[in-house]
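Geometric and topological summary
Here's the letter readout for the chains.
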Amino acid sequence: MSQKDTRAALPGGDRIHWGKDLRSALSFKSISTGIVAALFGCSGPALIVISAANAGHLTNGQTVAWLFAVYFLGGLISLIMALRYRQPITGAYSIPGAAIMSAALVTIPFAEAVGAFILSGLIVFLLGLSGWVGRIMHWLPMPIVMAMIAGALIRFGVGAVDSVGAAPLIAGMALVAFFLTSRFLKSVPPVLVAAVVGFLMAYFTGAIQTGGVDIAMVAPQFTWPNFSFDAFVAISIPLAALVLGAENAQATGVLLAEGYRPPVNAMTIISGIGGIVAGLLGGHNANIAGPMTAICASDQAGADREKRYGATLVNGVLFCAFGLFAGGAVPLIMALPKALIGSVAGVAMIGVLLAAFQQAFNKQSGYQIGAFVALVVAMSKLSLLGISSPFWALVAGIAVSAILREAPVNGVSATPSENAPVDGSRV
């Protein structure tokens, strides 16, 4: 079944064929990659949310409600998009968005922040309905988009190296296991082997300890929203910009790099709906997530691109479960060494990073200086107006290319096309 056919397959079509297609997508590799993505998303990022909640002096019930909103709805988005489009379009929430809440909640009451969360989702939703986001993504030069992806995700590769320095035995053995499996056991997912070996090393060295997260298994406490101009300016606008300029843009670029034709407007609309509903529940947003999509769309999820959405399905189920049992799940996840999670997440990104670099710096596609500027800006920690570096990487790369009047070589198109396949220079 082709990608074009499967888009129209739900909810009608041949149910028997649909069931067989779904079962084939849940392969050993896709399941293991989905688990790795969930481990990454449910570890460090959860602590960022908890840190922001502590900064705002939230109750345990409000913190659990926040975690429930972003994880359960993020998982639900994964399930909806994967089943609807048969692509590894993965939901979660904006990690930088959670980070900026640590500062915002110091001065803004949480009830006003909740109102701002809802308005942020509304902004994204309306822009998705307008179709502007899709038109913008089809106008952007692909070398600049791919360079932004490479710069934004290179931190995962660097993080794997840093993990070896922090825990040589655990992370080092995990990386060795990954590459040896890739060389000698091609039928076995190397990411899964790396995770298992790293876990065993952590267990036998006593590195697995109870996480120090002080949160009880309590019922969620929802907050009635208030609306204020200050919260709108400080939270709604930056958060909407992060969802569109960082998360959705990264996810779109990753999917294009892997040969998919992502439904950009639909991704924006569901991110807006996720933001509104998450806000009503007390969470900052639930949207299509760049890093999670990158893991699930990588070749670690299987050689057949049309089956990689199985990794997103697995990730979605685990995210939903984590959201439902957030109060008790966080300490269990945080008992795992950060070096283990960092090293496994890093090697899972290898395929995506290679594809992004190859498409960004293909001379025939042009825009080479603009792509380089986008790369270094995305790699930086630049943050202006509360918006992180991936967005500004696109702005800077396009601006430099416009100033230099860069263009593809010999008239080769370097912008996304609706009908052309991805081959490194055309989309």
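Residues numbered from 1 in each chain as written. Predicted model: local features only at pLDDT ≥ 70, side-chain atom pairs only at ≥ 80, totals over all residues. Heavy atoms only, no water.

**Section: the overall build of the protein**
So the rule is basically this: Every helix listed is a DSSP run of H or I at least four residues long, and every strand listed is a run of E at least two residues long, numbered separately from the N terminus. Contact criterion: two residues are considered in contact whenever any of their non-hydrogen atoms come within 4.5 Å of each other. Under the convention used here, a 1.4 Å probe and the Shrake-Rupley method define accessible areas, while residue burial counts only the protein chains that appear.
Helices and strands together make up the secondary structure of the protein, namely 20 helices and four strands. Once local pairs closer than 6 in sequence are excluded, the contacts in the protein between residues at least 24 apart make up 83%. Here the protein displays about 17,200 Å² of accessible surface, and carbon together with sulfur accounts for 69% of that area.

**Looking at a nonpolar patch on the surface**
Here is the rule: Within the patch definition used here, like charges are joined within 9 Å and nonpolar side chains (Val, Leu, Ile, Met, Phe, Trp, Tyr) within 5 Å, considering only residues with over 30% relative accessible area and no salt bridge. Just to be clear on terms, a salt bridge is a Lys or Arg side-chain nitrogen sitting within 4 Å of an Asp or Glu carboxyl oxygen.
Taken together, the side chains of Val-196, Phe-199, Leu-200, Tyr-203 and Phe-204 present a nonpolar region at the surface, about 540 Å² in accessible area. Within the secondary structure, Val-196 sits in helix α11 (residues 190-204).

**Quick look at unusual backbone geometry**
Defined as follows: Only protein chains enter the area calculation, which uses a 1.4 Å probe; residues under 20% of their type maximum are buried, those over 50% are exposed, and those in between are partly exposed.
Phi at His-57 is positive, roughly 55°, even though this residue is not glycine. Among the structural elements, His-57 can be located in the loop between α4 (44-55) and α5 (60-85). The exposed category is assigned to His-57, whose relative accessible area is 70%. In this structure, Tyr-367 is a non-glycine residue whose phi angle is positive, near 55°. Here Tyr-367 shows up in the loop between α18 (350-360) and α19 (368-379). Among the residues examined, Tyr-367 registers a relative accessible area of 16% and is labelled buried.

**Regarding the environment of Arg-405**
Looking at where Arg-405 falls in the secondary structure, it is placed in the segment after α20 (389-404). For the pair Arg-405 and Tyr-367, spaced 38 residues apart in sequence, the C-alpha to C-alpha distance is 8.7 Å.

**As for the environment of Ala-360**
Tracing the backbone shows Ala-360 in helix α18. Here the alpha-carbon distance between Ala-360 and Pro-143, two residues 217 residues apart in the chain, equals 3.9 Å.

**A short note on the side chain of Ser-30**
The condition that has to hold: Pairs of N or O atoms are called polar contacts if they sit within 3.5 Å, as long as, within protein, a hydrogen donor faces a hydrogen acceptor (for residues adjacent in sequence, only side-chain-to-side-chain pairs).
Checked against the element boundaries, Ser-30 lands in helix α3 (residues 28-41). By relative accessible area, Ser-30 is classed as buried at 0%. Within the structure, Ser-30 has its side chain in polar contact with the backbone oxygen of Ala-25 (distance 2.6 Å). Each residue touching Ser-30, except ones within four places of it in the same chain, is listed here: Ala-25, Ala-301, Lys-307, Gly-310 and Ala-311.

**Side note on the confidence of the model for the protein**
The predicted coordinates ought not to be read in detail in places where the model reports low pLDDT. Spelled out, the test is: pLDDT measures the predictor's confidence residue by residue and takes values from 0 up to 100.
Scored by pLDDT, the protein comes out at a mean of 79, with 84% of its residues at no less than 70. Under a pLDDT of 50 for its full length, residues 1-12 has, in the predicted model, 23 contacts with residues more than four places off or in other chains. Across residues 416-427 the pLDDT falls below 50, and counting only partners more than four positions away or on other chains, this stretch makes 34 contacts in the model.

**A word on the packing of aromatic side chains**
The geometry of an aromatic ring pair comes down to the distance between the two centres and the angle between the two planes. We apply this condition: Within 6.5 Å between ring centres, the rings of Phe, Tyr and Trp (the latter by its six-membered ring) count as paired, and their orientation is classed by plane angle as stacked under 30 degrees, edge-to-face over 60, tilted in between. A ring has a charge above it when a Lys NZ or an Arg CZ is no more than 6 Å from the ring centre and no more than 35 degrees off the ring normal.
In the structure shown here, the tally under the stated rule is 10 aromatic pairs. Seen in terms of ring centroids, Tyr-71 and Tyr-93 are 5.2 Å apart; in terms of plane orientation they differ by 75°. Their pairing is edge-to-face. Here Tyr-71, found in helix α5, pairs with Tyr-93, found in the loop between β1 (91-92) and α6 (95-107); they are 22 residues apart in sequence, far enough to count as distant. Both residues of the pair, Tyr-71 and Tyr-93, belong to the buried class. Here a set of aromatic residues connected by ring pairs shows up, and it is made of Tyr-71, Tyr-93, Phe-319 and Phe-322. The residue whose ring lies beneath Arg-84 is Tyr-85, and the NZ or CZ to ring-centre distance is 4.9 Å.

**As for the pattern of salt bridges**
Two side chains with opposite charge may pair up if their charged atoms get near one another. By the definition in use, this model includes one salt bridge. Across the salt bridge formed by Arg-308 and Glu-258, the nearest N and O atoms sit 2.8 Å from each other. Of this pair, Arg-308 sits in the loop between α14 (290-297) and α15 (309-324) while Glu-258 sits in the loop between α12 (229-257) and α13 (264-281); the two residues are 50 residues apart in sequence, bridging distant segments of the chain. Glu-258 matches Arg-308 in its accessibility class, with the two residues each being buried.

**Considering the nonpolar core**
Note the cut-off: Residue types Ala, Val, Leu, Ile, Met, Phe, Trp, Tyr and Cys, when buried and joined through side-chain atoms within 4.5 Å, form a set referred to as a nonpolar core.
Ranked by size, the top nonpolar core spans 103 residues in total, and within it Trp-66, Tyr-71 and Ile-235 carry the most contacts. In contact with Trp-66, other than residues within four places in its own chain, are Val-49, Ala-52, Ala-53, Leu-58, Met-101, Leu-105, Phe-110, Gly-282, Gly-283 and His-284.

**Quick notes on the environment of Gly-327**
Summarising the element assignment, Gly-327 is placed in helix α16 (residues 326-334). When its relative accessible area of 4% is taken as the criterion, Gly-327 is described as buried. It is 9.0 Å that separates the C-alpha atoms of Gly-327 and Gly-61, two residues lying 266 residues apart in sequence.

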